[in-house]
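Here is what each chain is made of, one letter per residue.
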Amino acid sequence: MNKAQITSLVIILLYMMATIAIGLFASRKKEAKKQSNDDFLMASKSLGPVVLAATLFAANTGGASTTGIATNVYQYGLSASWYVIAGGIGFVLVSFIAPYFRRAQANTVPEIISKRYGKASHIFTAVTSILALFMATGAQIIATASIINVITGFDYETAAIISTVVVIIYTMVGGFKSVTAANIMHVLFITIGMTIAMFIMVNNEQIGGFNALFEKARSMQDTNGTNMNLLSMTKIGATTIIGYIAMYFMTFPTGQEIVQTYCSAKNGNAAKLGSILAGIISAIYAIVPAIIGLLAYVCIDGYILQGSQKNALAQATITFAPSIIAGIILAAIVAATMSSASGNMIGTATMFTNDIFTPYINKGVKDDKKEIFISKITMLIVGISGLFIALKASNVISVMMGAFALRSAGPFAAFICGLFYKNVTKRAGFISILIGTIIAAIWIYGLGTPGGLNAVVPGGISAFIIIFAVSFIERKMGVKPAPEIEFEKV
């Protein structure tokens, strides 16, 4: 390895050690008193708006939001940043219903579903949500290992194993408390670290500042002599932008790692304000990885002729950043992917213990000591399964899109109607979850995602049509609506 690679590796290792240390510190703070499973998995439902915003942002900012955006600059120019801008809009939209998650007196999406639709809907939603988080964890390990592999020269398999071990340790040691504590550090590295690094790279004497970068970008042509329009913020297309916004609006309320954060808020107001803050941070941050990707395609000789490159962000860093800055950017990417992976692991453990182990395996008997043990075993299994997926797959965004569709297309309509529609029936909820999931799967794996429209859109629309139609028919037949959720009084 050269000097830049060694420096980057040292910074990554120091960062990983700091992450584990935070987990140990958060865990020891809990040793003074008996720790319940809610303490371990829900941070004692004590998160204020700032910590909650940091946790939401960190959970949603992973490989696709960093390396993925930089890669897609080749195809979409700066409009590739809409992938994260849309996430920010999604957080703001969801802020209006975020307080209801906290007041529903539940810890998981399947648990909220079960309150209105019963056992069948509960189990189906739990299983699909858990499978989705297995996939999402694998996607984050792919992103982390790929970056470490490119920068340090470690082989991909070794990098994947190291990444997995670190995430498992700090997540298992301290639970959600350690994850939320580490997320403050993650957010600082992701936002401030990458932003400072971007400015340093753009002002590198080889680049000459933003004006020089943009001037060169305006003249870039493809192999056919057509201007690539790399500075466009609309090249990605209105359909894709709308699809992204719809995807986030539908996946946030049904994604356990997101809903669990809302449910861990100290009150409804903290959940709402934290969601808005996360949206603002996301929208502002989105342009940073896009600019770094632009640097690679525009300013590295011959790079753009190779087409879309998954290592665009890493290559720009190696080429234009000083060794220490390169390490900071890499640590920021590792922060993004590790925080998302740990959120996925916590979410899976919460759903398994709350929605499968306690009600069906332990016959409804609450046992905090046993549940914490089961939660930690679940985290270990998720980490190992994510590693297996990472070693078998390679495309981060395709894995994530499959996970989003699997967990959200079916349950979204039932979830929203469960909270706000008093006339929904129990059977309608289950049928809509089942049909929405099936249609999303057909849209992806049978039709190949026509028009680039995310599968959660046709799946979610179908689920809404089904739930209203079946509820209407059943009420005409004399079937009573499902019992309404009792919200915590404020």
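Criteria and thresholds
Residues numbered from 1 in each chain as written. Predicted model: local features only at pLDDT ≥ 70, side-chain atom pairs only at ≥ 80, totals over all residues. Heavy atoms only, no water. Helix = DSSP H or I, 4+ residues; strand = E, 2+ residues; numbered from the N terminus. Buried < 20%, exposed > 50% of the residue type's maximum accessible area, 1.4 Å probe, protein only. Areas by Shrake-Rupley, 256 points an atom, 1.4 Å probe, with all protein chains shown as cover. Phe/Tyr/Trp six-rings, centres within 6.5 Å; stacked < 30°, edge-to-face > 60°. Axes fitted to C-alpha atoms, helices over the stretch in contact; angles between N-to-C directions. Parallel < 35°, antiparallel > 145°, perpendicular 65-115°, else oblique. Left-handed = near helix turned anticlockwise from the far one by under 90°. Contact = heavy atoms within 4.5 Å. Nonpolar A, V, L, I, M, F, W, Y, C, P; charged D, E, K, R; others polar. Salt bridge = Lys/Arg side-chain N within 4 Å of Asp/Glu carboxyl O. Bend = angle between axes of the 7 residues up to and from the residue. 1 Å grid on protein atoms, 1.4 Å probe; cavity = no way out; pocket = protein on both sides within 12 Å on 5 of 7 lines; lining within 4 Å. Points joined across faces, edges and corners; volume = space filled by probe spheres on them. Expected span 1.5 Å × (residues − 1). Core = buried A, V, L, I, M, F, W, Y, C linked by side-chain atoms within 4.5 Å. Polar contact = N/O pair within 3.5 Å; in protein donor to acceptor, adjacent residues only side chain to side chain. Patch = residues over 30% accessible without salt bridge, like charges linked within 9 Å, V, L, I, M, F, W, Y side chains within 5 Å.

A. Expanded view of the overall build of the chain. Within the chain one finds 21 helices and zero strands. Relative to its 490 residues, the chain shows a buried fraction of 58%. As displayed, the chain has an accessible area near 18800 Å², and 65% of this comes from carbon and sulfur atoms.

B. Layout of the packing of aromatic side chains. Per the counting criterion, the structure on display carries 14 aromatic pairs. Look at phenylalanine 412 and phenylalanine 464: their rings are 5.7 Å apart centre to centre, the planes differ by 80 degrees, and that puts the pair in the edge-to-face class. One end of the pair, phenylalanine 412, is in helix α19 (residues 411-420); the other, phenylalanine 464, is in helix α21 (residues 456-476), with 52 residues separating them in the sequence. Looking at phenylalanine 412, the relative accessible area reads 4%, which means it is buried. By relative accessible area, which is 23% here, phenylalanine 464 ends up partly exposed. Taken together, the ring pairs connect Tyr83, Phe91, Tyr244, Tyr248 and Phe252 into an aromatic cluster.

C. The packing of helix α10 (residues 210-218) against helix α14 (residues 287-299), seen in detail. Viewed as axis vectors pointing N to C, α10 and α14 meet at an angle of 60 degrees, and their least axial separation amounts to 10 Å. By the angle class used here, α10 and α14 are oblique. Two packed elements cross with a definite hand, and for α10 against α14 that hand is left-handed. Within the contact between the two elements, α10 uses Phe210, Leu213, Phe214, Lys216 and Ala217 and α14 uses Ile291, Leu294, Leu295, Val298 and Cys299. Classifying every residue of the contact of α10 with α14 by side-chain character gives nine nonpolar, no polar and one charged.

D. Quick look at the pattern of salt bridges. A complete count under the given rule lists three salt bridges for this structure. Note that lysine 366 and glutamate 371 form a salt bridge whose closest N and O atoms lie 3.2 Å from each other. Overall, the relative accessible area of 54% leaves lysine 366 in the exposed class. The exposure class of glutamate 371 is buried, given its relative accessible area of 1%.

E. Structural view of the packing of helix α5 (residues 82-94) against helix α13 (residues 268-285). The contact between α5 and α13 brings their axes to 7 Å, and the two run at 165 degrees. Between α5 and α13, the angle is such that the two are roughly antiparallel. Handedness of the α5/α13 crossing: left-handed. Together, Val84, Ile85, Gly88, Phe91, Val92 and Val94 of α5 and Ser275, Ile276, Ala278, Gly279, Ser282, Ala283 and Tyr285 of α13 make up the contact between the two elements. Here the contact of α5 with α13 is built from residues that sort into nine nonpolar, four polar and no charged.

F. Here's a closer look at helix α4 (residues 63-76). Along its length, α4 reaches its greatest deviation from straightness, about 45 degrees, at isoleucine 69. Within α4, 11 of the 14 residues are buried, which leaves it mostly tucked inside the rest of the structure. Turning to α4, its buried residues number three or more, namely Gly63, Ala64, Ser65, Thr66, Thr67, Gly68, Ile69, Ala70, Thr71, Asn72 and Val73. At the C-terminal side of α4, glycine 77 shows a positive phi close to 65 degrees.

G. Molecular detail of empty space enclosed by the protein. Under the counting rule described, the total for this entry stands at five cavities of 30 Å³ or more. Each pocket or cavity is described by its volume, and for the largest cavity that value is around 170 Å³. Lining the largest cavity are 17 residues, and of these Ala59, Asn60, Gln140, Met400 and Phe404 lie nearest its centre. For the lining of the largest cavity, the secondary structure elements donating two or more residues are α3 (49-60), α4, α8 (119-152), α12 (256-263), α16 (323-361) and α18 (396-408). With three residues, α18 is the single largest residue contributor to the lining of the largest cavity.

H. Spatial organisation of the environment of isoleucine 416. Relative to the helices and strands, isoleucine 416 resides in helix α19. Spatially, the C-alpha atoms of isoleucine 416 and proline 253 are 8.3 Å apart, while their sequence positions differ by 163 residues.

I. Quick look at the environment of valine 127. Here valine 127 is to be found in helix α8. Accessibility expressed as a relative area gives 37% for valine 127, which makes it partly exposed. Taking C-alpha positions, valine 127 is 9.2 Å from arginine 407, a pair spaced 280 residues apart along the chain.

J. A look at helix α17 (residues 368-392). Taking 1.5 Å per residue as the helical rise, α17 with its 25 residues ought to reach 36 Å, and the 36 Å between its terminal C-alpha atoms agrees with that figure. Among the residues making up α17, those that are buried are Glu371, Ile372, Ile374, Ser375, Thr378, Met379, Val382, Gly383, Gly386, Leu387 and Ala390.

K. Looking closely at the nonpolar core. Ranked by size, the top nonpolar core spans 143 residues in total, and within it Tyr83, Leu213, Tyr262, Ile292 and Leu295 carry the most contacts. At 15 residues, α16 tops the list of elements feeding residues into this core. Not counting chain neighbours up to four residues away, the residues in contact with leucine 213 comprise Val202, Ile207, Ile291, Leu294, Leu295, Val298 and Cys299.

L. Here's a closer look at unusual backbone geometry. One non-glycine residue, asparagine 229, lies in the positive phi region at around 55 degrees. On the basis of relative accessibility, which here comes to 42%, the residue asparagine 229 falls in the partly exposed class. Of note in this structure, lysine 363 is not a glycine but carries a positive phi near 55 degrees. Mapped onto the secondary structure, lysine 363 falls in the loop between α16 and α17.

M. Main features of the side chain of asparagine 362. For asparagine 362, the position within the fold is in the loop between α16 and α17. For asparagine 362, the side chain forms a polar contact with the main-chain oxygen of valine 365, separated by 2.8 Å. Once residues within four sequence positions are removed from consideration, asparagine 362 is found in contact with Phe357, Asp367 and Lys370.

N. Broad picture of a nonpolar patch on the surface. Together, Val50, Leu273, Leu277, Ile280 and Ile284 line one region of the surface with nonpolar side chains, adding up to about 460 Å² of accessible area. The biggest single contributor to the nonpolar patch is α13, with four residues. Looking at the element boundaries, leucine 277 is found in helix α13.

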